[in-house]
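Report on the structure
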There are 2 protein chains.
Amino acid sequence: MTSITREECVALDAADPLAALRDEFFLPEGVIYLDGNSLGALPRSTPDRVADMIEREWGRDLIRSWNEAGWWDKPRTLGAKVAPLIGAGPDEVVVGDGTSTNLFKVVVAALRMSERNVVLGERGNFPTDLYITEGAATLTGAVHRRVDPDSAELSAALAEEDVAVLTLSHVDYRSGTLRNMPAITRLAHEHGALVVWDLCHSAGAVPMDLSDSDVDFAVGCTYKYLNGGPGAPAFLYAARRHHAAAQQPLSGWHGHARPFDFSSEYEPAAGVSRFLSGSQPIVADAALESGLDVWAKADMEQVRSKSLHMTDMFLAAAAEIDIETITPTEHARRGSQVALIAPEEGAGYPIVQALIARGVIGDFRDPDVMRFGFTPLYLRYVDVFDAARALVKVVTTDEWRQERFAQRAQVT
Amino acid sequence: MTSITREECVALDAADPLAALRDEFFLPEGVIYLDGNSLGALPRSTPDRVADMIEREWGRDLIRSWNEAGWWDKPRTLGAKVAPLIGAGPDEVVVGDGTSTNLFKVVVAALRMSERNVVLGERGNFPTDLYITEGAATLTGAVHRRVDPDSAELSAALAEEDVAVLTLSHVDYRSGTLRNMPAITRLAHEHGALVVWDLCHSAGAVPMDLSDSDVDFAVGCTYKYLNGGPGAPAFLYAARRHHAAAQQPLSGWHGHARPFDFSSEYEPAAGVSRFLSGSQPIVADAALESGLDVWAKADMEQVRSKSLHMTDMFLAAAAEIDIETITPTEHARRGSQVALIAPEEGAGYPIVQALIARGVIGDFRDPDVMRFGFTPLYLRYVDVFDAARALVKVVTTDEWRQERFAQRAQVT
């Protein structure tokens, strides 16, 4: 913590072009929330927005709100609000269902577009990505292989195997490693593979341009950096060039070309709507829309610059007390979270608990990873300073050992 | 309307054991809502329940609410609240995703449990059921055939074809025809087929007992008779005897035996949780829970008795003015809605519009069906009387022709 003073942090906050956005969020008293990479904070506008949707649109206007309040079109209007955050066209994104379901849809659609039958995934990916991809492969008779995408294994596998589809997380959920989306997408295309990116830990965390990167398909959640609320509906991106050919397997009536004809034969909609299946939870959509409307006021480059500054600060504090990290120090390879390795076996959980007792909320992932997410929309530099100071204090004193002792006492 | 007087209806309401439940709902002034078969009315407790979930559980308690507020277990706790309404065990139902997605899961799971490869569906089923079943069949190499389930075609097809799975709607969305669940399930089993019932138009509308009827799988929505809110998460039932063998294709991490091990290999949970995939929209779950808690106070036999009395009244009024119906007059074959055929071509839509202008909300389905749903929890006998009187007035005077004229004038 020698590198920056609290006063300098106060000055940084005063000069921060994003500072005003913090007022758009409800943040509990006495808490420094470094878990927005898991569940984003509540926008202040959300309770009223949801109440209005429930009381007026549902309670008073009832069934007519499917048209008049735009419920029917929410997957598209919310998709158009996600689009600028990921560098996609407004007609290339829909919102609905969950990330797992959407991943299944695009992986099967991509497999059907290829003559090949290998799906390449990443060994350490978030489990649901592995399970869903495996499930999609099993169902379609494809083969699922896994590589380390941050090593030469990836290019070797693309060169050696007839890969139909490559599925990767843009930012790794554990280490926070950011992958080079344009380069990997180009490499995959050179080898004749389609690419599906999982943006769960990068949408709202790092700038990206799916169009410029020539990405084929992508999915992502809206309840982390995008502040849509716990389990909020996910998004699905499909490049415009694939709309005509892509056939997703969950062919429900919302994806029909003319749903209100109630035809007995399925005919997919012309655009990205063909990726829709059934009705979506409109109460949850209202909360999500509120979060996306806050994001409409944010400049993604400013978010990125502040995020890197904050993770630099936190990494520097960890380095000073010799805490190891699995988060890349190189900016180009870092998302918006810091993952630290516990200084000894069994120390990770009590350290995170001791920090929580001090009001600094991060999380712990077995066996020894402590994760801290940085959300520039509602975190101040002084918060990062105070959190870093708390980390140093907890690790360098006996505080975490006392926490462990207290926990053991509770168990017995 | 000669058969009953308004005074008699007032007396029926006074003696109605369900009368007090009407106060649990918000119903707009001057409206008789006969569209609860499409979107259920708003329970009065819902706005506060959702506000508390958003402000306290999400805003204040943040990430810890996944455990402390029971978010993680919502698919199971909500499932246990749906269970008594459909005659299932509390450990046989989960809530999450949409009806279309859940139908895909159970149809594929059922196909995988059979050596056969024919899926038998119903010709006039709600389109998404046809599309999803067709999609599941295509993906798994099965064959999808369709029959009229209310004719001898059904038993003939079960006898002639090697049917793996029979998928039917318990109540037809258009005519309101109720199918004999125990008899059809038994017949299918006798022919070696598994049965998937769609309960969208019957859950909360008619009593049923999935356990006694030996049903294999079922899905259904919660936003019609169950008052969960527009597009609220759907439910999925799987008979306990199938839990060990059933393998659903959307194998996400919420269906894993030990999700927080973050294992890279999928191992399905032991019970009905194996049908889960990813995180669910908790804001929408809060609204749904509020609706289910009202239902916990209702006696399904009383609901059925009142429903039949109401649809009898409405059918009698239609008969008096020679309006045809496609809803069975036989109680055992009737759900909780009445579908009338427009007296002449093009009359259906203006009649429904003229009724709406009088505050009686039903809906219209091309080409000529006028649908009216009856929801005993919040409809009074006098409402049905008044609605029937409005129908008679609109149809027997020029009112609907004027409505049509007004609409044409708007178009030109």
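Rules of the game
Residues numbered from 1 in each chain as written. Chains lettered and ligands numbered in written order. Predicted model: local features only at pLDDT ≥ 70, side-chain atom pairs only at ≥ 80, totals over all residues. Heavy atoms only, no water. Axes fitted to C-alpha atoms, helices over the stretch in contact; angles between N-to-C directions. Helix = DSSP H or I, 4+ residues; strand = E, 2+ residues; numbered from the N terminus. Parallel < 35°, antiparallel > 145°, perpendicular 65-115°, else oblique. Left-handed = near helix turned anticlockwise from the far one by under 90°. Contact = heavy atoms within 4.5 Å. Nonpolar A, V, L, I, M, F, W, Y, C, P; charged D, E, K, R; others polar. Pairing = 2+ DSSP bridges. Buried area = accessible area lost by both parts, 1.4 Å probe. Salt bridge = Lys/Arg side-chain N within 4 Å of Asp/Glu carboxyl O. Polar contact = N/O pair within 3.5 Å; in protein donor to acceptor, adjacent residues only side chain to side chain. Expected span 1.5 Å × (residues − 1). Buried < 20%, exposed > 50% of the residue type's maximum accessible area, 1.4 Å probe, protein only.

Side note on the packing of helix α4 (residues 74–86) of chain A against helix α9 (residues 282–295) of chain A
Residue and element names in this part refer to chain A. One way to put it is that α4 packs onto α9 with a least axis distance of 10 Å and a crossing angle of 25°. Judged by the inter-axis angle, α4 sits roughly parallel to α9. For the pair α4 and α9, the crossing hand works out as left-handed. Across from K74, L78, K81, V82 and L85 in α4, the residues of α9 making contact are I282, D285, L288, E289, L292, D293 and W295. For the contact of α4 with α9, the per-class residue count stands at 7 nonpolar, no polar and 5 charged.

Let's talk about the environment of A:D368
All names here are of chain A. Along the chain, the position of D368 falls in the loop between β13 (363–365) and β14 (369–373). Each C-alpha atom of the pair D368 and T46 lies 35 Å from the other, and the pair is 322 residues apart in sequence. With residues near it in sequence (within four places) discarded, D368 still touches R174, L340, I341 and A342.

Some remarks on the sheet that holds strand β7 (residues 163–169) of chain B
All names here are of chain B. Within the open sheet, the 7 strands sit side by side as β4-β10-β9-β8-β7-β5-β6. Their pairing is mixed. The sheet is open, and its two borders are formed by β4 (93–95) and β6 (143–147), each paired with just one other strand. On average, adjacent strands in this sheet sit at an angle of 20° to one another, irrespective of strand direction. Bridge count between strand β5 (residues 118–122) and β7: 3 bridges; the pairing is parallel.

Overview of the interface of chain A and chain B
Listed per partner, the contact involves 72 residues of chain A and 72 residues of chain B. Summed over both sides, the interface of chain A with chain B buries roughly 5800 Å², with 72% coming from carbon and sulfur. At the surface where chain A touches chain B, the tally comes to 2 salt bridges. The residue A:E265 makes a salt bridge to B:R146 at a minimum N-O spacing of 3.2 Å. Taken together, the links from chain A to chain B amount to 18 residue pairs in polar contact (both at pLDDT 80 or more). Sorting the residues of the side of chain A that touches chain B by element identifies β3 (42–43), α2 (46–60), α5 (99–112), α6 (127–140) and α9 of chain A as the ones contributing at least two each.

What about helix α2 (residues 46–60) of chain B?
Three or four residues apart is the spacing at which side chains of an α-helix point the same way, because the helix has 3.6 residues per turn. All names here are of chain B. The end-to-end C-alpha distance of α2 is 20 Å, a good match for the 21 Å that 15 residues give at a rise of 1.5 Å each. The complete set of buried residues in α2 reads T46, P47, V50, M53, I54, E57, W58 and G59. Directly beyond the C-terminal end of α2, a positive phi value near 50° is found at L62.

Quick word on unusual backbone geometry
Here the residue pair A:D366 and A:P367 is connected by a cis peptide bond, since its omega of -5° sits within 30 degrees of zero. Of note, B:D97 is a non-glycine position whose phi angle comes to about 55°, a positive value. Note on placement: B:D97 falls in the loop between β4 and α5 (99–112). Residue B:D97 is classed as buried on the basis of its relative accessible area, which comes to 15%. One non-glycine residue with positive phi stands out, namely B:D214, at about 65°. Positionally, B:D214 belongs in the loop between β8 (194–198) and β9 (217–220).

Everything listed here is a matter of geometry and, on its own, says nothing about what the molecule does.
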